[in-house]
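Here is how the chains run, residue by residue.
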Amino acid sequence: MVRAVSGPTSFSGGELAATEHLAALLGSPPRGEVWVGDDAAVLSGREGPLLFATDLLVEGVHFERALSSCADVGWKALASNLSDLAAMGGRPLAAVVALAGASQPDLDSLYEGLLEASRAYSCPLVGGDLSDSPVLVVSIAVLGTTDGRPPVLRSGARPGERLFVTGTLGAAAAGLRLLRVDPAATGELVGAHRRPRPRLGEGIAAASLGASAMIDLSDGLGLDLARLAAASSVGVALEGLPACAGATEEEALGGGEDYELLFSASPEIDVAGEFARLGLRPPIEIGQVVADPATRTLDGEPLPRAGYLHRL
Ligand SMILES: [Mg+2]
């Protein structure tokens, strides 16, 4: 997430504590369902699992109007939601869009980007809601399916498995850094910040080959890797950091908004071969899952704490 301005802390303990609090309020899901705590909720559909996810972009918190057009914000809002479906090994069925604080020109520009992403990722926009607001707010909910496959949760990683990411990291954060220096900047890094690509094909490929756990990298590898490790009760030992050209190590580890997928898979699976057979870029192997949940290392050294946690 872009954090132009951090909001006031309104829940002691921040986003993680708030999520745990809400999970307790909502209670336990029925058998076979997953509610709070993964990339998307998993519901029991008549023909297999359904995925249900939502995401919120707030002007001044997640985006700055000076650095992104409303069309870019619209694209990114849908793309980040679709990334949560990708992280479960799913594909989209439909989305609804709620907008607050959008003038008529804003609305047209937002929908230009929303519809481009809708067409690019075959996710029809089927309705929504409008409201007044002092700042622009875009909230999207997406429905998806795994086409009968079990969804890939964050909790399935086991010691001895290998860890992969679907691309190099840090491009979006580097792009934002360039835009802050020069709002007229262009190029691949700026494009990665404004128009992230949800890795839907890669997510389905990982699920099909038997990935044991998966998460999308929305808040930075450091934080999202810790989330996957905690959900799986395992440790992680990274062997190098796949920073993209032009990004710093800090941006690769903690920048966020890359929307690449991180997954674990048994060393017996030919992950690169499976991706190549599907015409996808081979994932980058970044390390391994270890038994001790206290282990979080990068090249043998303690993994720096990095990544974006909403303060709420
Ligand atoms: Mg996610």
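Structural data are supplied above this passage.
These notes cover the structure that comes with them. (Residues numbered from 1 in each chain as written. Predicted model: local features only at pLDDT ≥ 70, side-chain atom pairs only at ≥ 80, totals over all residues. Heavy atoms only, no water.)

As a further point, take unusual backbone geometry. One non-glycine residue with positive phi stands out, namely Asp147, at about 50 degrees. Despite not being glycine, Ser233 has its phi angle at roughly 55 degrees, a positive value. Here Ser233 shows up in the loop between helix H7 (221–232) and strand S8 (235–238). The exposed category is assigned to Ser233, whose relative accessible area is 51%. (Helix = DSSP H or I, 4+ residues; strand = E, 2+ residues; numbered from the N terminus. Buried < 20%, exposed > 50% of the residue type's maximum accessible area, 1.4 Å probe, protein only.)

Donor atoms from the polypeptide that bind the magnesium ion are Asp39 (OD), Asp84 (OD) and Asp216 (OD), placed at 2.0 to 2.1 Å. Within one chain, the residues serving as donors to the magnesium ion are arranged as D-x44-D-x131-D. On the criterion of sequence distance, the pair formed by Asp39 in the loop between helix H1 (14–26) and strand S1 (41–45) and Asp216 in strand S7 (residues 213–216) is long-range, its members being 177 residues apart. For the pair shown, Asp39 and Asp216 are each scored as buried. (Donors = N, O, S within 2.8 Å, 3.2 Å for Na, K, Ca; no water.)

This part takes up the side chain of Arg154. Looking at where Arg154 falls in the secondary structure, it is placed in the loop between strand S5 (137–145) and strand S6 (162–165). Here the side chain of Arg154 touches Gly37 through a polar contact of 3.5 Å, landing on its backbone oxygen. Contacts of Arg154, omitting those with residues within four sequence positions, involve Gly37, Asp38, Asp39, Ala213, Met214, Ile215, Arg227, Leu228, Ala231 and Ser232. (Polar contact = N/O pair within 3.5 Å; in protein donor to acceptor, adjacent residues only side chain to side chain. Contact = heavy atoms within 4.5 Å.)

A separate point is the pairing of strand S4 (residues 125–131). For S4, a buried count of zero out of seven residues is recorded, marking the element as mostly open to its surroundings. Pairing analysis gives five bridges linking strand S3 (residues 91–100) to S4, with the strands arranged parallel. Bridging from a neighbouring strand, Val97 pairs with Gly128 of S4. Considered for its hand, the β-α-β crossover made up of S3, helix H3 (residues 104–120) and S4 is right-handed. (Pairing = 2+ DSSP bridges. Right-handed = clockwise from strand over helix to strand, strands pointing away.)

The next subject is the sheet that holds S1. Judged by pairing direction, the sheet is mixed, and its five strands sit side by side in the order S1-S2-S5-S3-S4 without closing on themselves. Every other strand in the sheet has two partners, leaving S1 and S4 as the edge strands with one partner each. Averaged over all adjacent pairs, the angle separating strand axes in this sheet is 20 degrees, with direction ignored. Pairing analysis gives five bridges linking S1 to strand S2 (residues 48–58), with the strands arranged antiparallel. Residue Ser44 lies in a different strand from S2, and its bridge partner there is Pro49. Against the sheet, helix H2 (residues 70–86) contacts S2, S3, S4 and S5, and its axis sits at roughly 35 degrees relative to S5. (Axes fitted to C-alpha atoms, helices over the stretch in contact; angles between N-to-C directions.)

The next subject is the nonpolar core. In this structure, Leu78, Leu82, Val138, Ile140, Val142, Phe263 and Phe275 are the most contacted members of the largest nonpolar core, which totals 45 residues. Among the elements of the structure, S2, H2, S3, H3, S5, helix H6 (200–209), strand S9 (261–265) and helix H9 (271–277) are those that each provide at least two residues to this core. If you tally residues by element for this core, the top one is H2, at nine residues. Not counting residues within four places of it along the chain, the set of residues in contact with Val142 comprises Leu51, Phe52, Ala53, Leu78, Asn81, Leu82, Leu85, Ala94 and Ala95. Leu221, Val234, Val236 and Ile286 belong to the second-largest nonpolar core, a separate cluster that totals 22 residues. (Core = buried A, V, L, I, M, F, W, Y, C linked by side-chain atoms within 4.5 Å.)

Relative to each other, H2 and H3 sit at 40 degrees, their axes nearing to 7 Å. Between H2 and H3, the crossing angle belongs to the class labelled oblique. H2 and H3 meet at a crossing whose hand is right-handed. On H3, the residues touching Cys70, Ala71, Val73, Gly74, Trp75 and Leu78 of H2 are Asp106, Ser109, Leu110, Glu112, Gly113, Leu114, Glu116, Ala117, Ser118 and Ala120. Classifying every residue of the contact of H2 with H3 by side-chain character gives nine nonpolar, four polar and three charged. (Parallel < 35°, antiparallel > 145°, perpendicular 65-115°, else oblique. Left-handed = near helix turned anticlockwise from the far one by under 90°. Nonpolar A, V, L, I, M, F, W, Y, C, P; charged D, E, K, R; others polar.)

Attention shifts here to the pairing of S9. With five of five residues buried, S9 is to be regarded as a mostly interior element. A two-sided burial pattern is seen for S9, the buried positions comprising Leu261, Phe263 and Ala265 on one face and Leu262 and Ser264 on the other. As paired elements, S6 and S9 share four bridges and run antiparallel to each other. Bridge pairing in S9 links Leu163 to Ser264. Bridge analysis of S7 against S9 gives four bridges, and the strand direction is antiparallel. Counted as the bridge partner of Asp216 is Leu261 from S9.

What follows is about the sheet that holds strand S10 (residues 284–290). Two orientations exist for strands paired in a sheet by backbone hydrogen bonds: parallel and antiparallel. Strand order in the open sheet made by the seven strands is S7-S9-S6-S10-S8-S11-S12, with mixed pairing throughout. Each edge of the open sheet is held by one strand with a lone partner, namely S7 and strand S12 (301–302). Of the strands in this sheet, S7 and S9 touch H6, which is tilted by about 10 degrees from S9.

Below, the discussion takes up the packing of aromatic side chains. The description of an aromatic ring pair uses the distance of the two centres, along with the angle that the planes make with each other. The full count for this structure, using the stated rule, is three aromatic pairs. An angle of 70 degrees between the planes, with centres 5.9 Å apart, marks the rings of Trp75 and Tyr121 as edge-to-face. In this pair, Trp75 sits in helix H2 while Tyr121 sits in the loop between H3 and S4, placing the two residues 46 residues apart along the sequence. Among the residues examined, Trp75 registers a relative accessible area of 9% and is labelled buried. Ring geometry for Phe164 versus Phe263: centroids 5.3 Å apart, planes at 20 degrees, classification stacked. Placement of the pair is Phe164 in strand S6 and Phe263 in strand S9, with a sequence separation of 99 residues. Of the two residues examined, Phe164 and Phe263, each falls in the buried class. Chaining the aromatic ring pairs together yields one cluster made of Phe164, Phe263 and Phe275. (Phe/Tyr/Trp six-rings, centres within 6.5 Å; stacked < 30°, edge-to-face > 60°.)

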